[in-house]
Amino acid sequence: MSAGKLESFVEGRWQAGSAEGRPLVNPTTGEELGRVDASGVDCAAAMGHARTTGLPALQAMTFAERGGLLRGIADVLAANRDAYVDIARLNSGNTAVDASIDIDGGIGTLKVYAGHGKKLGDATTIMEAGTDQLAREDVFRAGHIWTSRPGVGVHINAFNFPSWGMWEKVACSLLAGVPAVAKPASATAWLSHQMVRDVIAAGVVPDGVLSLICGSGEGLLDALGPFDQLAFTGSADTALMLRNNGNILKRAPRLNIEADSVNATILGPDAKPGDPVYDLLVREAVKALSVKAGQLCTNIRRIFVPADQLAGVSEAIAAKVGGMSVGDPANESVRMGPLINKAQQQAAFDGLAALSAETTIVTGGGAPDALDGGDADRGAFVAPTLLSCAEPGAAWAVHETEVFGPVSTIMPYEGTDGGASLAACGGGSLAVSVFTNDTDWAAQTARFVAPYHGRVLVVDEEVGKNSTGHSIVMPQCVHGGPGRAGGGEELGGLRGLRFYMQRSAVQGSPTLLASLADGSAEATL
Ligand code: NAP
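Residues numbered from 1 in each chain as written. Predicted model: local features only at pLDDT ≥ 70, side-chain atom pairs only at ≥ 80, totals over all residues. Heavy atoms only, no water.

### Quick notes on the overall build of the chain
Worth spelling out the cut-off: Strands here mean DSSP runs of E at least two residues long; helices mean DSSP runs of H or I at least four residues long; both are numbered from the N terminus. Note that the radius of gyration is over C-alpha atoms, with the globule rule given as 2.2 Å times the number of residues to the power 0.38. Buried residues are those whose accessible area, probed at 1.4 Å on protein chains only, stays under 20% of the maximum for their type, while exposed residues exceed 50% and partly exposed ones sit between those limits. We call two residues contacting when some pair of their heavy atoms lies within 4.5 Å. Using a 1.4 Å probe, the Shrake-Rupley method yields the accessible areas, and only the shown protein chains count as cover for residues.
Counting secondary structure elements, the chain contains 15 helices and 24 strands. In terms of C-alpha radius of gyration, the chain reaches 24 Å, essentially the compact-globule figure of 24 Å for 525 residues. Seen along its three principal axes, the alpha-carbon backbone of the chain occupies a region of about 70 × 60 × 40 Å. Counting over 525 residues, the chain shows a buried share of 58%. Across the chain, every contact between residues at least 6 apart in sequence was considered, and the portion connecting residues at least 24 apart equals 77%. A total accessible area of about 19800 Å² is found for the chain, and carbon and sulfur atoms account for 51% of it.

### Description of the sheet that holds strand 5 (residues 32–36)
Stated precisely, the cut-off is as follows: We call two strands paired when DSSP finds no fewer than two bridges between them. Angles shown run from 0 to 180 degrees and are taken between the N-to-C directions of axes, each axis being a line fitted to C-alpha atoms and, for helices, limited to the stretch in contact.
The three strands are arranged 1-5-4 in an open sheet whose pairing can be described as mixed. In this open sheet, the two edge strands, each paired with only one partner strand, are strand 1 (4–6) and strand 4 (22–25). Averaged over all pairs of adjacent strands, the angle between their axes in this sheet comes to 35°, without regard to strand direction. Of the pairings in the sheet, the one linking strand 4 to strand 5 comprises four bridges and is antiparallel in character. Paired with Pro 23 across the bridge in strand 5 is Arg 35. In the packing of helix 6 (residues 189–202) onto the sheet, the strands contacted are strand 1, strand 4 and strand 5, and the crossing angle to strand 1 comes to about 80°.

### What to know about the site of the ligand
Where we set the bar: Proximity is defined per residue: any heavy atom of the residue falling within 4 Å of a molecule or strand makes that residue near it. Think of a polar contact as two N or O atoms within 3.5 Å of one another; within protein, one of them needs to be a possible hydrogen donor and the other a possible acceptor, and neighboring residues in sequence only count if both atoms come from side chains.
Close to the ligand lie 26 residues; Ser 186, Ser 235, Thr 238, Glu 402 and His 479 are nearest. With respect to the ligand, the side chain of Lys 183 contributes an N or O atom lying 2.9 Å from an oxygen atom. One of the side-chain nitrogen or oxygen atoms of His 479 is found 2.7 Å away from an oxygen atom of the ligand. Considering the ligand on its own, with 920 Å² of exposed area, one finds that the protein chains cover 83% of that surface. Looking at the shell around the ligand, the elements that each hand over two or more residues are strand 12 (229–233) and helix 7 (236–243).

### Some remarks on the pattern of salt bridges
Inclusion rule: Salt bridges are defined as contacts in which a side-chain nitrogen from Lys or Arg sits within 4 Å of a carboxyl oxygen from Asp or Glu.
Applying the stated criterion to the full structure yields 13 salt bridges. With a closest N to O distance of 3.2 Å, Glu 490 and Lys 169 form a salt bridge. Highlighted residues: Glu 490 in strand 22 (residues 490–491) and Lys 169 in helix 5 (residues 164–176), separated in sequence by 321 residues. The same class applies to Glu 490 and to Lys 169, which are both buried. The network of salt bridges with common partners includes Glu 20, Glu 32 and Arg 35.

### Re the domain arrangement of the chain
The following threshold applies: An automatic or database domain assignment supplies the residue ranges for each domain. Buried area adds together the accessible area that both of two parts lose upon being put together, with accessible area traced by a 1.4 Å probe.
Domain parsing of the chain yields domain 1 (4–260 + 488–522) and domain 2 (263–476). For domain 1 and domain 2, the distance between their C-alpha centres works out to 31 Å. With 30 residues of domain 1 in contact, the opposing surface of domain 2 contributes 30 residues. Between domain 1 and domain 2, a total of about 2300 Å² is buried, with carbon and sulfur atoms accounting for 63% of that surface. Summed over the three residues of domain 1 that lose the most area to domain 2, namely Pro 27, Thr 28 and Phe 159, the buried surface amounts to 24% of that side. If you look at where domain 1 meets domain 2, you find zero salt bridges. For the side of domain 1 that touches domain 2, the secondary-structure elements that each account for two or more residues are helix 3 (81–92) and helix 4 (96–120). When residues of the side of domain 1 that touches domain 2 are assigned to their parent elements, the largest contribution, six residues, is made by helix 4.

### A few points about the nonpolar core
Heads up, the rule is: For this analysis, a nonpolar core means a set of buried residues of the types Ala, Val, Leu, Ile, Met, Phe, Trp, Tyr and Cys, connected via side-chain atoms within 4.5 Å.
Judged by nonpolar contacts, the single largest core of 67 residues is most densely connected at Ile 73, Leu 77, Ile 103, Ile 126, Trp 167, Leu 174 and Leu 497. Mapped by element, the contributors of at least two residues to this core are strand 5, helix 2 (63–79), helix 3, helix 4, helix 5, strand 10 (180–183), helix 6 and strand 11 (210–212). It is helix 5 that provides the largest number of residues to this core, a total of nine residues. Among the domains, domain 1 (4–260 + 488–522) and domain 2 (263–476) are the pair contributing at least three residues each to this core. When sequence neighbours within four positions are dropped, the list of residues in contact with Trp 167 reads Ile 73, Leu 77, Gly 106, Leu 110, Met 195, Val 196, Val 199 and Leu 210. Counting residues in hydrophobic clusters, the runner-up holds 29 residues, among them Ile 266, Met 336, Ala 423 and Val 432.

### Regarding helix 10 (residues 310–322)
In plain terms, the rule: Residue count minus one, scaled by 1.5 Å, sets the expected span of a helix. Read the arc as the range of directions from the helix axis to the C-beta atoms.
Taking 1.5 Å per residue, 13 residues should reach 18 Å; helix 10 reaches 17 Å between its end C-alpha atoms and fits that length. Here helix 10 has its buried residues at Leu 310, Val 313, Ser 314, Ile 317, Ala 318 and Val 321. What you see down the axis of helix 10 is that its buried residues fit within an arc of 125°, all on one side. Exposed positions of helix 10 whose direction lies more than 90 degrees from the buried face are Glu 315, Ala 319 and Lys 320.

### Let's talk about the state of the cysteines
This is how it is decided: Put simply, a disulfide is two cysteine sulfurs that come within 2.5 Å.
All chains considered together, the criterion is met by zero disulfides. Counting only cysteine sulfurs, Cys 43 is the nearest neighbor of Cys 214, a cysteine outside any disulfide, at a range of 11 Å. On the basis of relative accessibility, which here comes to 0%, the residue Cys 214 falls in the buried class.

### Things to note about helix 6
If you check helix 6, its first and last C-alpha atoms are 20 Å apart, about what 14 residues at 1.5 Å a residue would give, namely 20 Å. Along helix 6, the residues classified as buried are Ala 189, Trp 190, Leu 191, Ser 192, His 193, Met 195, Val 196, Asp 198 and Val 199.

### Some details on the packing of aromatic side chains
Stated formally: Aromatic pairing here means that ring centres of Phe, Tyr or Trp (its six-membered ring) are within 6.5 Å. Orientation follows from the plane angle: under 30 degrees is stacked, over 60 is edge-to-face, and everything else is tilted.
A complete count under the given rule lists five aromatic pairs for this structure. On the numbers, 5.7 Å between centres and 80° between planes, the contact of Phe 159 with Phe 404 is edge-to-face. On the criterion of sequence distance, the pair formed by Phe 159 in the loop between strand 9 (153–156) and helix 5 and Phe 404 in the loop between helix 12 (397–400) and strand 18 (407–413) is long-range, its members being 245 residues apart. The pair Phe 159 / Phe 404 is uniform in exposure class, with both members buried.

### Things to note about the pairing of strand 17 (residues 385–388)
Judged by which residues are buried, strand 17 turns out to be covered on both faces: Thr 385 and Leu 387 on one side and Leu 386 and Ser 388 on the other are all buried. Bridge analysis of strand 16 (residues 360–363) against strand 17 gives three bridges, and the strand direction is antiparallel. By the bridge assignment for strand 17, Ile 361 is matched with Leu 387. Where strand 17 lies against strand 18, four bridges are found, and the strand directions are parallel. Residue pairing in the sheet places Leu 386 in a bridge with Ser 408 of strand 18.

Rendered as structure tokens:
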């Protein structure tokens, strides 16, 4: 199976880049799978086509019709799912479980937003409930209306979710009435490319509504105008460049940043070996050291446990990851595949070196000792690695370094709020989880950590195994985090439409406001 040279879908047709391009690599073997290049692809023309063709087509559709469009995309993807699993294995080193998180996560998110469209019905605008009287006599009031922004949604994605990362953005954008120009990360663009190719071939998307740029996307940032929105997911370095881009500063398109994050989990002071919540934390920590080879932005990077539980929890995690099979994800016995390329493997090794002054190795710590298939030299394997830091209150690298691979650090805390205080040292993260049966402590901890995190997961015995897990982003919940996590927000049900819609106060007579409300869906965004 070969990717060939990926093309971009812009201005209503597939276009090849003019240069040789960058290689797409199988991270299990180091083999080249194809090339990706968008040299010469006119990003400004792509945006122009989306604005002049896709935008009016979408804005003429009701929310329900847009929901139907999302459903149509989801059905095409579901029908072709098996081919996507193969691509995810070859180009991203995904096991079947990893591929499902990305592929089924994307399809599921599209379906959730298709359902929102159906509920919003035959309107094209949303009116917030309630109006306020502004004059002594009740003839002048104000209400708030949400309308689709007259621009394009440019979606720049990270390499670790070529499916979910693209579709979760497209779902919100299209439902809000805004055409999408998606730019997947070059290294893993094959899956995004195949999915869009299938969707376009099926004819379920009107012209100009969905464009795809496979390659570097030169000129994309300069083509952004004041009513466009740029939704970015990726590294803090690229985010910094975007924040400082002259055109973005000058023309002020909306910018949403989902960047890296040093997420934490906390074992409650009440939890003891043998308690279900204790085992559930161990289970989540093991997932963090295996699922998608640790390449999830929400992954647990720091594990805080009461000081007297440090040895026990460390041993329990190490015992489970120690015997884990790492190698070729084509082998059914393999639990964890490689990172997505040699550069990411080296970045993980560099990250481990950065943490070495503050930590000791509990298990792993470099390349795996043995592989179940795959090429040890040309592949990009990293052993599941648990580090331990004895003095997290005096350390800084453990709170600042995101090793984007199967690496977490376990650390002790003292007192009842020690874990929460240490979790806050991440400087703003996407997700934090808490494992406890003490509801009062959990509520107090949730309130304390919430301002530092976009999502707080509390697992007690009532929730048990029913939790969707620390790292999984549910479309019902907001995704994004403050501070170093980028300060952005995506998804969260209808809240995900905010970014693509304008809220305006409308001042006028009660009659006018009632008329606007009649022609709008009523919802809280
Ligand atoms: P990256 O190197 O920053 O790349 C992200 C995207 O930005 C890629 O599509 C890349 O394109 C593009 N890009 C880079 N320079 C650009 C430019 N000048 N103009 C336009 N696009 C440009 O990040 P990554 O290595 O793919 O992703 C890993 C990071 O993403 C990790 O730190 C992880 O924590 C973070 N992440 C965060 C979330 C979240 O939701 N918060 C989710 C997933 C990952 P090319 O690939 O073509 O260079």
